Amino acid sequence: MTEPQTWRVLGNADAHELVLAVDFDATGRAEGRFTDLAAGLAGLPFSIWETVPQEAGTGTVERWLEEVAADGRPVRAVFGFCVGGVYAGAIAQRVADRQSQAPALVLFDPEQSGPLTLYSQFHKVLDSMSTLLSDEETAEAAAEARRAHEQHTEMAPLGAELLDVYRRTAKPVFNRLELDEKRQAEFTAVFASFVGYLIAAAAIDPLPAWRGAVVVTSSSPTSGLNGSRGAGQDITVGRELRVDVPHVDLLRDPGVTRTVAELLGTETRG
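Residues numbered from 1 in each chain as written. Predicted model: local features only at pLDDT ≥ 70, side-chain atom pairs only at ≥ 80, totals over all residues. Heavy atoms only, no water.

Some points on the environment of Leu-198
Then comes step 1: Topologically, Leu-198 is positioned in helix α7 (residues 181-202).
Then comes step 2: Accessibility expressed as a relative area gives 1% for Leu-198, which makes it buried.
Then comes step 3: Placed 77 residues apart in sequence, Leu-198 and Gln-121 show a C-alpha to C-alpha distance of 9.5 Å.
Then comes step 4: The contacts of Leu-198, once residues within four sequence positions are left out, are Val-83, Ser-113, Thr-117, Leu-118, Gln-121 and Met-155. (Helix = DSSP H or I, 4+ residues; strand = E, 2+ residues; numbered from the N terminus. Buried < 20%, exposed > 50% of the residue type's maximum accessible area, 1.4 Å probe, protein only. Contact = heavy atoms within 4.5 Å.)

Shown next, in the form of structure tokens:
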């Protein structure tokens, strides 16, 4: 069986069914990963494939779907974490068109993408660099990002400007860590890819697909459907499961893992 290039196989590669998991997994993130969830699902009767971050500007959904179609196995479920829920909905709809039974759509704190998403995600990255920046450097980067957010209502120009702010801000951090030019370029490419991921997601309307989804909602007030409700938006989903788990731990909580196993008609061991 050919190893996929746009997906990462998380377990049980030769199983007869697939579960597709959509997320932008990057080194250093605080949130749990689908690798954590897969590790908790012992004895999988299906193979979990997780999306591999793509280069900014590529047709990510089409590339992901091409490899799923080429593999040929039925898809039991599609998972999505945060903005990955936008892509997961699109993928689930497309998969349903080509197989006899629609896959289950299971979303973990799903969020739509927009200018505020870009802006808030930049601040998460800035926070991760703050220990290696002076107070003045951090304040300057925050001010530049705020001006960009106030100036741009369109995703592409906002993303381009935030990427420029990132490059200027990260350069002294890279130098202090004594990273060579290749490693610096790799870190910058990851952030550029993430910006492209958020921009492309903003062009997808996920709400029709989400109406049939099972949504696992964390206890964090600004994440997922909690954040949408706080912003005055009431999103209709098929079924919502509220758990007393913070957003950061949603994919690695044992109780959530057991819930997912039950949703897919399987049992975990241990």
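Considerations on the pattern of salt bridges
Then comes step 1: All told, the structure shown has 14 salt bridges when counted by the stated rule.
Then comes step 2: Where Lys-124 meets Glu-31, a salt bridge forms, and the shortest distance between an N and an O atom there is 3.3 Å. Of this pair, Lys-124 sits in helix α4 (residues 115-129) while Glu-31 sits in the loop between β2 (18-22) and α1 (34-40); the two residues are 93 residues apart in sequence, bridging distant segments of the chain.
Then comes step 3: Its relative accessible area of 15% is what places Glu-31 among the buried residues.
Then comes step 4: For the salt bridge of Arg-252 with Asp-249, the shortest nitrogen-to-oxygen distance reads 2.9 Å.
Then comes step 5: For Arg-252, a relative accessible area of 37% gives the class partly exposed.
Then comes step 6: Bridged by salt links that share partners, the residues Arg-229, Glu-240 and Arg-242 form one connected network. (Salt bridge = Lys/Arg side-chain N within 4 Å of Asp/Glu carboxyl O.)

Section: the sheet that holds β2
Then comes step 1: Ordered in space as β1-β3-β2-β4-β5-β6-β7, the seven strands form an open sheet in which the pairing is mixed. Each edge of the sheet is formed by a strand with only one pairing partner; in this case those strands are β1 (7-11) and β7 (239-242). Direction aside, the axes of adjacent strands within the sheet are offset by 20° on average. (Pairing = 2+ DSSP bridges. Axes fitted to C-alpha atoms, helices over the stretch in contact; angles between N-to-C directions.)

Quick word on the pairing of strand β5 (residues 104-108)
Then comes step 1: The buried fraction of β5 amounts to four of the five residues, a majority that puts the element mostly inside the structure.
Then comes step 2: For strand β4 (residues 75-81) and β5, the ladder comprises five bridges, and the chain directions are parallel. Following the sheet pairing, Gly-80 is matched in β5 by Leu-107.
Then comes step 3: For the segment spanning β4, helix α3 (residues 84-96) and β5, crossover handedness is right-handed. (Right-handed = clockwise from strand over helix to strand, strands pointing away.)

By themselves these figures say nothing about function.
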